Amino acid sequence: MALSVPGLSQGFGQLAATDAVSGSLKTLPGLQKEKGIVLIFHDPSCPFAKLYESRIKSLRTRFEAQGIGFALINPHAQNNESDLIRLRAYIDESGLNMPYLIDEKQQWTQAFLATKIPEVVVLVPGKTELELAYRGALDNNAQVENAVTERYLEISLVQILRGENPAVPQVRAVGCTIRTY
């Protein structure tokens, strides 16, 4: 079920970041559920991220119960008290209710070659380590939820739960550009 992406680093199990919600260090294997994990590159200051909030909550509610974990990753936040407080408040107010990782050194961003907010990465258990199954956009209409005609992430997750490879393993994400440091 692996997606081959040139330059994509392996050894995902080595990734760790502080969770703004709990304040604890989280590792990728610790976040994973039995069927996989959805990582969403996110920043509350990005208008596209706000437009996707209800869709993200709906997907998490539907698929977490079926063994897919969810986590947000902020590539712009710093691991300091003010950012932790701000992001914790955001999670409480938005109702997203999932780990919110601070990618202070952008290790996660670089490992998955993320360039946009929101951009999604879906990892599934492979023979020896996690494998990339889907990467890209949540759907084909960031601005108007009711006008969505292609639900890329949802379709990929359904196919993964059936034991299939996603028919479309990669779709270009649209949103705010991730600033690299």
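The structure we're discussing is the one just above.
Residues numbered from 1 in each chain as written. Predicted model: local features only at pLDDT ≥ 70, side-chain atom pairs only at ≥ 80, totals over all residues. Heavy atoms only, no water.

Caption draft 1: Up close: helix α3 (residues 53-64). For α3, built from 12 residues, the straight-helix expectation of 16 Å at 1.5 Å per residue is met to within 8% by its first-to-last C-alpha distance of 16 Å. All of the buried residues in α3 are Glu 53, Arg 55, Ile 56, Leu 59, Arg 60 and Phe 63. Buried residues of α3 fall within an arc of 160 degrees about the axis and therefore sit on the same side. As for α3, its buried residues are in contact with β3 (36-41), α2 (47-51), β4 (68-74), α4 (81-94) and α6 (152-161). (Helix = DSSP H or I, 4+ residues; strand = E, 2+ residues; numbered from the N terminus. Expected span 1.5 Å × (residues − 1). Buried < 20%, exposed > 50% of the residue type's maximum accessible area, 1.4 Å probe, protein only. Arc of directions from axis to C-beta. Contact = heavy atoms within 4.5 Å.)

Caption draft 2: Structural view of the pairing of strand β8 (residues 130-136). With 6 of 7 residues buried, β8 is to be regarded as a mostly interior element. Bridge count between strand β7 (residues 119-125) and β8: 6 bridges; the pairing is antiparallel. Counterpart to Val 120 in the pairing with β8 is Gly 136. Where β7 folds back onto β8 in an antiparallel hairpin, the turn is made up of 4 residues. (Pairing = 2+ DSSP bridges.)

Caption draft 3: Spatial organisation of α4. Between its first and last C-alpha, α4 extends 20 Å over 14 residues, near the 20 Å set by a 1.5 Å rise per residue. Those residues of α4 that are buried lie in contact with β1 (16-19), α2, α3, β4 and β5 (100-102). A positive backbone phi angle near 75 degrees is found at Gly 95, which sits one or two residues after α4.

Caption draft 4: Structural detail: the sheet that holds strand β9 (residues 170-171). Read across the open sheet, the 8 strands follow the order β2-β1-β5-β4-β3-β7-β8-β9; overall the sheet is mixed. The open sheet has two free edges, formed respectively by β2 (25-27) and β9, since each of these has just one partner strand. Both β8 and β9 contribute to a ladder of 2 bridges, which runs parallel. Directly across from Arg 135, in β9, lies its bridge partner Gln 170. Each of β3 and β4 touches α3; the most contacted strand, β4, lies at about 150 degrees to it. (Axes fitted to C-alpha atoms, helices over the stretch in contact; angles between N-to-C directions.)

Caption draft 5: Here's a closer look at the layout of surface pockets. A volume near 180 Å³ is recorded for the largest pocket. Contributing to the lining of the largest pocket are Arg 55, Ser 58, Leu 59, Arg 62, Leu 138, Asp 139, Glu 145, Asn 146, Arg 151, Leu 153 and Glu 154. Only α3 and α6 provide two or more residues apiece to the lining of the largest pocket. For the lining of the largest pocket, a count of residues per class yields 3 nonpolar, 2 polar and 6 charged. (1 Å grid on protein atoms, 1.4 Å probe; cavity = no way out; pocket = protein on both sides within 12 Å on 5 of 7 lines; lining within 4 Å. Points joined across faces, edges and corners; volume = space filled by probe spheres on them. Nonpolar A, V, L, I, M, F, W, Y, C, P; charged D, E, K, R; others polar.)

Keep in mind these values describe shape, not function.
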